[in-house]
Amino acid sequence: MTSRSTYHHGDLRQAVLAAALDVITAEGPGALSLRDLARRAGVSHAAPAHHFKDRTGLLTAIAAQGYELLAEALADAPELSERGVRYVRFAVTHPAHFQVMFQPELLRADDPDLLAAKEHASAELRAGVAGLPDAPDARTAGIAAWSLAHGFATLLLTQNVTAAIGDRDPEEYFRSLTGLVFKNQLPSPDGE
């Protein structure tokens, strides 16, 4: 008779993903080891390989899951600036996914699930730009909006804007940034 804790797990895939997200949040993606994750899930050291094949497969699954979660977070946002707020909120609530999603060297770029999830999230990002009334170049406006949201989220997660934000709500702070940038309220370089 085999031991359940050694050879069987109710939902091994989810248990390994959850353990991996914990490790990435605490120590970054470089700290991942399938053997360690198997130990944490209470299964044999080879069990995670049945679901993910290897570390790259696991990271690719995390990225695909992250893009789907991002697409869900962005869906039905009323306007572009709110999509940016939701992007920042996603990064804060899913920091491990966020770290992995944007490191292509860690992933299998041709993975069908990853490609589909990326396209789903991209479509939601593009939908926000489509609602801009006076955008002469929607692609450039989209890159500008994404750069602002992604840059702010990254600075927030790495605590590089903690002092600037102070005790303000990061989402409200981001809303004020988008107001400055997208309403042309930034001062000109010559101070006019």
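Thresholds applied
- Residues numbered from 1 in each chain as written.
- Predicted model: local features only at pLDDT ≥ 70, side-chain atom pairs only at ≥ 80, totals over all residues.
- Heavy atoms only, no water.
- Helix = DSSP H or I, 4+ residues; strand = E, 2+ residues; numbered from the N terminus.
- Expected span 1.5 Å × (residues − 1).
- Buried < 20%, exposed > 50% of the residue type's maximum accessible area, 1.4 Å probe, protein only.
- Contact = heavy atoms within 4.5 Å.
- Phe/Tyr/Trp six-rings, centres within 6.5 Å; stacked < 30°, edge-to-face > 60°.
- Salt bridge = Lys/Arg side-chain N within 4 Å of Asp/Glu carboxyl O.
- Polar contact = N/O pair within 3.5 Å; in protein donor to acceptor, adjacent residues only side chain to side chain.

Student: Please give an account of helix α2 (residues 12–27) that cites residues and values.
Tutor: If you check α2, its first and last C-alpha atoms are 22 Å apart, about what 16 residues at 1.5 Å a residue would give, namely 22 Å. Among the residues of α2, Leu12, Ala15, Val16, Leu17, Ala19, Ala20, Leu21, Val23 and Ile24 are the ones counted as buried. Close packing links the buried residues of α2 with α3 (34–41), α4 (47–52), α5 (55–74) and α7 (95–101). Two residues or fewer after α2 comes glycine 28, characterised by a positive phi angle close to 90°.

Student: Which residues make up the packing of aromatic side chains, and what values do they have?
Tutor: Taken as a whole, this structure holds six aromatic pairs when the rule is applied. Aromatic side chains tyrosine 67 and phenylalanine 102 sit 5.9 Å apart centroid to centroid with 75° between the ring planes, which places their arrangement in the edge-to-face category. Of the two residues, tyrosine 67 is situated in helix α5 and phenylalanine 102 in the loop between α7 and α8 (112–130); the sequence distance between them amounts to 35 residues. Looking at tyrosine 67, the relative accessible area reads 7%, which means it is buried. Of the residues examined, phenylalanine 102 reaches a relative accessible area of 25% and is grouped as partly exposed. Consider the rings of phenylalanine 152 and tyrosine 173, whose centres lie 6.0 Å apart with planes at 15°: the pair is stacked. Of this pair, phenylalanine 152 sits in helix α9 (residues 138–157) while tyrosine 173 sits in helix α11 (residues 170–182), and the two are 21 residues apart along the sequence. The exposure class of phenylalanine 152 is buried, given its relative accessible area of 5%. By relative accessible area, which is 18% here, tyrosine 173 ends up buried.

Student: Account for the pattern of salt bridges, with residues named and values stated.
Tutor: This structure, assessed with the given rule, holds nine salt bridges. In this structure, aspartate 54 and arginine 108 form a salt bridge, with 2.6 Å as the shortest nitrogen-oxygen distance. Note that aspartate 54 is positioned in the loop between α4 and α5 and arginine 108 in the loop between α7 and α8, a separation of 54 residues in sequence. Among the salt bridges present, the one from glutamate 124 reaches arginine 83, with a minimum N-O distance of 3.1 Å. On the criterion of sequence distance, the pair formed by glutamate 124 in helix α8 and arginine 83 in helix α6 (residues 80–93) is long-range, its members being 41 residues apart.

Student: An account of α5 is requested, with residue identities and associated values reported.
Tutor: Here α5 spans 29 Å end to end across 20 residues, near enough to the 28 Å set by a 1.5 Å rise per residue. Two to three positions downstream of the cap, the backbone nitrogen of threonine 56 sits 3.3 Å from a side-chain oxygen, assigning the N-cap of α5 to aspartate 54. Aspartate 76, located one to two residues past α5, shows a positive phi value of around 65°.

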